[in-house]
Amino acid sequence: MVIRLSSTLVIGCGFIGSNLVAALADRGETFTVLTRRPPPAEIAAAIGAAGLWLGDAADPKVVAASLAEASRVVYCAGGLLPAASERDPDLDRRLTLAPLETTLKALERHPDVLLTYLSSGGTVYGEPIRIPAHETDPAAPISAYGRLHLACEEMIAAARRNSGLRARVLRCATVYGEHQQPDRGQGAIVTFLHRIESGEQIDLFGGGSTVRDYVYVGDVAQAIIETMDSAEGPDLVNVGSGEGTSLLEILRLAEAQVGRRAKVASHPERGFDVHRIVLDPSRLRAITDFQPTSLEDGIARTHRWLLGAAGPAA
């Protein structure tokens, strides 16, 4: 069965949220956005002034008003990045839990609305018991960031049991692509491309041996939309390519894309980094037409966007 939906509320318009907005706009979907900060100009234009709510999702009045016309909600908001979360987990909990708690409370008055929550498949499994990690495998995060996302998943599960919330959790692998800002230290691919282009040093931890499942953000946006369109299916779904790539391999692909060698400083592996994680996307493929973009193509697209975002050379 397919849900017939009229409007999507996107909460959070950072990296993934911006790409989701662009995909919804391309499809001619009706949507609104609730975000703390103004989005990039081209994303704001796609949203339109009438569809943009600037406010805090921790504010019950703001959330209630933004939910008024929504038939589905995608929760893309987050707190700190993983390294910052490790340094100040209490701050990250304050930034992350209050908005989600407020949203869940507001959704009690909207029992027909479907919530899609974006979790961190790269951290909640910890060091997985098998590769690729399946949704039925235990969650055993080793980082503050992973523990916080698991706590959010547990809040959603409790709301599902206690109030009948309709919700699906998407555990995303390491997402990369357009609108990922390299100056935040978010994402190896965009950071490597940027620093190779600018001649800046790259800090490589653990000799580059850590392995991640890299998934292109355009594929993630499409997966979000397609899973929202399905009324049936599992409550927990991995979103990843199903293939693992080492950090050193990513560095070599970025060097090949830019056409020059990187300046690299080597550091010991960090204690909160999972050494090897790859997600099993079989559930996702069972309910969508998911076909991941190749790393080479995704890196090339990211590089083109990065060069355009930087503007013409002086």
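Computed from a prediction, not measured in an experiment: that's the story for all the values here.

Colleague: Give a detailed account of the environment of Ala-44, specifying residues and quantitative values.
Modeller: On the secondary structure map, Ala-44 appears in helix α2 (residues 41-47). Each C-alpha atom, one on Ala-44 and one on Ala-254, is 30 Å from the other, the two residues being 210 residues apart in sequence.

Colleague: I'd like to hear about the packing of helix α1 (residues 15-26) against helix α8 (residues 217-228), residue by residue, with values.
Modeller: For the pair α1 and α8, interaxial distance at closest approach is 9 Å and the crossing angle is 65°. Here α1 and α8 pass one another in a crossing that is right-handed. Taking contact as the criterion, the partners of Phe-15, Ile-16, Asn-19, Leu-20, Ala-23 and Leu-24 in α1 are, on α8, Val-217, Val-220, Ala-221, Ile-224 and Ile-225. Class assignment of the residues belonging to the contact of α1 with α8 gives a composition of 10 nonpolar, 1 polar and no charged.

Colleague: Report on helix α6 (residues 144-163), specifying residues and quantitative values.
Modeller: The end-to-end C-alpha separation of α6 is 28 Å, in line with the 28 Å expected for 20 residues at 1.5 Å each. Looking at the buried positions of α6, the neighbouring elements they touch are α4 (82-87), α5 (89-107), β5 (114-120), β6 (166-172) and β11 (236-239). Looking one or two residues past α6, Gly-164 carries a phi angle of roughly 75°, positive in sign.

Colleague: Could you give me a rundown of the pairing of strand β2 (residues 31-35), with the residues and numbers involved?
Modeller: A large share of β2 lies buried, amounting to 5 of its 5 residues. Alternating residues of β2 divide into Phe-31, Val-33 and Thr-35 and Thr-32 and Leu-34, and every residue in both groups is buried. The β-α-β motif built from strand β1 (residues 8-11), the intervening α1 and the parallel element β2 has right-handed crossover chirality. Where β2 and strand β3 (residues 52-54) come together, 3 bridges link them in parallel fashion. Bridging across to β3, Thr-35 finds its partner in Leu-54.

Colleague: Could you give an account of the pattern of salt bridges, with specific residues and numbers?
Modeller: If you walk through the whole model with that rule in mind, you get 14 salt bridges. A salt bridge links Asp-56 to Arg-36; the nearest nitrogen and oxygen atoms lie 3.8 Å apart. Placement of Asp-56 in the loop between β3 and α3 (60-66) and of Arg-36 in the loop between β2 and α2 is noted, with a sequence separation of 20 residues between them. Two residues, Arg-171 and Glu-153, come together in a salt bridge whose shortest N-O distance is 2.7 Å. A residue pair is termed long-range when its members are at least 10 positions apart, and Arg-171 in strand β6 and Glu-153 in helix α6 qualify at 18 residues. For the pair formed by Arg-171 and Glu-153, the shared burial category is buried. Look at the salt bridges and you will find they share partners, linking Arg-27, Glu-29, Arg-72 and Asp-229 into a network.

Colleague: Help me get a handle on the nonpolar core, residues and values and all.
Modeller: Core analysis: the largest hydrophobic core is formed by 58 residues, its most contacted members being Ile-16, Leu-20, Val-175, Ile-189, Phe-192, Val-220 and Ile-224. At 7 residues, the largest contribution of residues to this core is made by α8. The residues contacting Val-175, other than those within four sequence positions of it, are Phe-15, Ile-16, Gln-180, Val-215, Val-217 and Val-220. Counting residues in each nonpolar core, the second largest holds 26 residues, with Leu-97, Tyr-117, Ala-167 and Leu-236 among its members.

Colleague: Break down the side chain of Asp-92 for me, citing the residues and quoting the values.
Modeller: Among the secondary structure elements, Asp-92 is positioned in helix α5. Nearest to the buried, unbridged Asp-92 among oppositely charged side chains is Arg-36, at 8.1 Å. In terms of polar contacts, Asp-92 uses its side chain to reach the side chain of Ser-85, at 2.7 Å. The residues contacting Asp-92, other than those within four sequence positions of it, are Gly-79, Leu-80, Ser-85, Tyr-145 and Leu-148.

Colleague: I'd like a rundown of the side chain of Ser-246, residues and numbers included.
Modeller: Along the polypeptide, Ser-246 turns up in strand β12 (residues 245-246). Those residues within four positions of Ser-246 in sequence are excluded, and the remaining contacts are Gly-208, Ser-209, Thr-210 and Val-211.

Colleague: Talk me through the packing of aromatic side chains; I want residue IDs and the actual numbers.
Modeller: A complete count under the given rule lists 2 aromatic pairs for this structure. Here Arg-171 stacks its cationic end above the ring of Tyr-125, 4.8 Å away from the centre of that ring. The ring of Phe-205 has Arg-270 lying over it, and the distance from NZ or CZ to the ring centre is 4.2 Å.

Colleague: Please give an account of the sheet that holds β5 that cites residues and values.
Modeller: One open sheet accounts for 7 strands, arranged β3-β2-β1-β4-β5-β6-β11; its pairing is parallel. In this open sheet, the two edge strands, each paired with only one partner strand, are β3 and β11. Neighbour-to-neighbour, the strand axes of the sheet open up by a mean angle of 20°, direction not taken into account. In the packing of α1 onto the sheet, the strands contacted are β1, β2, β4 (72-75) and β5, and the crossing angle to β2 comes to about 165°.

Rules used in this analysis
- Residues numbered from 1 in each chain as written.
- Predicted model: local features only at pLDDT ≥ 70, side-chain atom pairs only at ≥ 80, totals over all residues.
- Heavy atoms only, no water.
- Helix = DSSP H or I, 4+ residues; strand = E, 2+ residues; numbered from the N terminus.
- Axes fitted to C-alpha atoms, helices over the stretch in contact; angles between N-to-C directions.
- Left-handed = near helix turned anticlockwise from the far one by under 90°.
- Contact = heavy atoms within 4.5 Å.
- Nonpolar A, V, L, I, M, F, W, Y, C, P; charged D, E, K, R; others polar.
- Expected span 1.5 Å × (residues − 1).
- Buried < 20%, exposed > 50% of the residue type's maximum accessible area, 1.4 Å probe, protein only.
- Right-handed = clockwise from strand over helix to strand, strands pointing away.
- Pairing = 2+ DSSP bridges.
- Salt bridge = Lys/Arg side-chain N within 4 Å of Asp/Glu carboxyl O.
- Core = buried A, V, L, I, M, F, W, Y, C linked by side-chain atoms within 4.5 Å.
- Lys, Arg positive; Asp, Glu negative; His and termini not counted.
- Polar contact = N/O pair within 3.5 Å; in protein donor to acceptor, adjacent residues only side chain to side chain.
- Phe/Tyr/Trp six-rings, centres within 6.5 Å; stacked < 30°, edge-to-face > 60°.
- Lys NZ or Arg CZ within 6 Å of the ring centre and 35° of its normal.

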